[in-house]
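Letter by letter, the chains look like this.
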Amino acid sequence: MSKKRALVTGGSRGIGKAISIMLAKNGYDVLINYRGNIDAANKTKSEIESHGGQCTLLKFDISDFKNTTEIIQKELEENGNIDVLVVNAGIRKDSIFQKMKSEEWDSVIDVNLKSFYYITRPVAEKMFFQKHGKIVVVSSTSGQTGMPGQANYCASKFGIIGAAKSLAVELGRRNINVNIVAPGFIETDMTEDLRENYDELKKQIPLRRIGKPEDIANAVEFLISDKADYIQGQVIAINGGLYT
Ligand code: NAI
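Residues numbered from 1 in each chain as written. Predicted model: local features only at pLDDT ≥ 70, side-chain atom pairs only at ≥ 80, totals over all residues. Heavy atoms only, no water.

A. Looking closely at the site of the ligand. By nearness alone, 28 residues border the ligand, and Arg13, Asp61, Asn88, Tyr153 and Thr188 come closest of all. In the model, an oxygen atom of the ligand is placed 2.8 Å from a nitrogen or oxygen of the Arg13 side chain. The contact in question runs from an oxygen atom of the ligand to an N or O atom on the side chain of Thr188, over 2.6 Å. If the ligand stood free it would expose 820 Å²; the protein chains cover 96% of that surface. Contributions of two or more residues to the shell around the ligand are made by helix H1 (14-25) and helix H5 (151-171). Its residues assigned to classes, the shell around the ligand comprises 12 nonpolar, 11 polar and 5 charged. (Near = heavy atom within 4 Å. Polar contact = N/O pair within 3.5 Å; in protein donor to acceptor, adjacent residues only side chain to side chain. Areas by Shrake-Rupley, 256 points an atom, 1.4 Å probe, with all protein chains shown as cover. Helix = DSSP H or I, 4+ residues; strand = E, 2+ residues; numbered from the N terminus. Nonpolar A, V, L, I, M, F, W, Y, C, P; charged D, E, K, R; others polar.)

B. Local environment of the pairing of strand E3 (residues 55-59). Relative to E3, strand E2 (residues 29-34) runs parallel, the two sharing 5 bridges. Bridge assignment links Ile32 to a residue of E3, and that residue is Leu57. Taken together, E2, helix H2 (residues 38-50) and E3 constitute a β-α-β crossover, and its handedness is right-handed. (Pairing = 2+ DSSP bridges. Right-handed = clockwise from strand over helix to strand, strands pointing away.)

C. Examining the side chain of Asp29 more closely. Within the fold, Asp29 resides in strand E2. A distance of 2.7 Å separates a polar atom in the side chain of Asp29 from a polar atom in the side chain of Lys3.

Structure follows, in structure tokens:
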């Protein structure tokens, strides 16, 4: 029987890294997509290999349709099945809406939303013929409620929930689960600029702490397991009780 394989976008650091390590611990060969930071990608690869896992690095910018599709397609043709896809990579470029530049709007929509099609379409097609698969999409609390300064980010994160829910309906009959995780404040490079406000933020979070990447990886671990076989098209909020 061929080895189980998983693809994680933006898997070299932060939430994607925690998910990649979790997948390796669960016996998956992990394909880690990264954009440019080869040092971070190599570090994650070494960490996975030091635990006896297998890791392949795939360099592409997920907002580049041609490159993304070609690399994923080639990977599928040459090496076969992908059993788990985690659509994780994302960016934020916050700004009050009246001051938001068109570049800030476009780039966030391109990276966070349009890429969903580029990444997921070829993998979903493969899973359709495999007749099994688990897809987990990383949205955000900002995909569940409006946030000041995040019209671009919220639009992208609400958008991928809609796309994932549609896929869940389309692919269910082929034994493919599609679900969404919606993290709250998680300590990663993405929230670096909020670090000095962490104490204030914690007061707003019922569980009184900022989340760790592993909090998200734990939920993804459940969603890709057999135990979640009957969960379809759902959004699991992992936010310490914030806004819920
Ligand atoms: P991060 O900034 O540490 O990691 C983001 C990853 O995405 C990096 O590896 C980065 O290289 C990659 N990436 C960005 N643009 C890319 C592109 N064009 N092509 C390929 N890779 C690209 O941030 P974090 O926190 O680990 O974010 C992971 C996901 O979780 C993102 O989708 C983010 O929106 C989401 N999220 C994060 C929250 C947080 O508080 N940290 C809260 C809610 C959602």
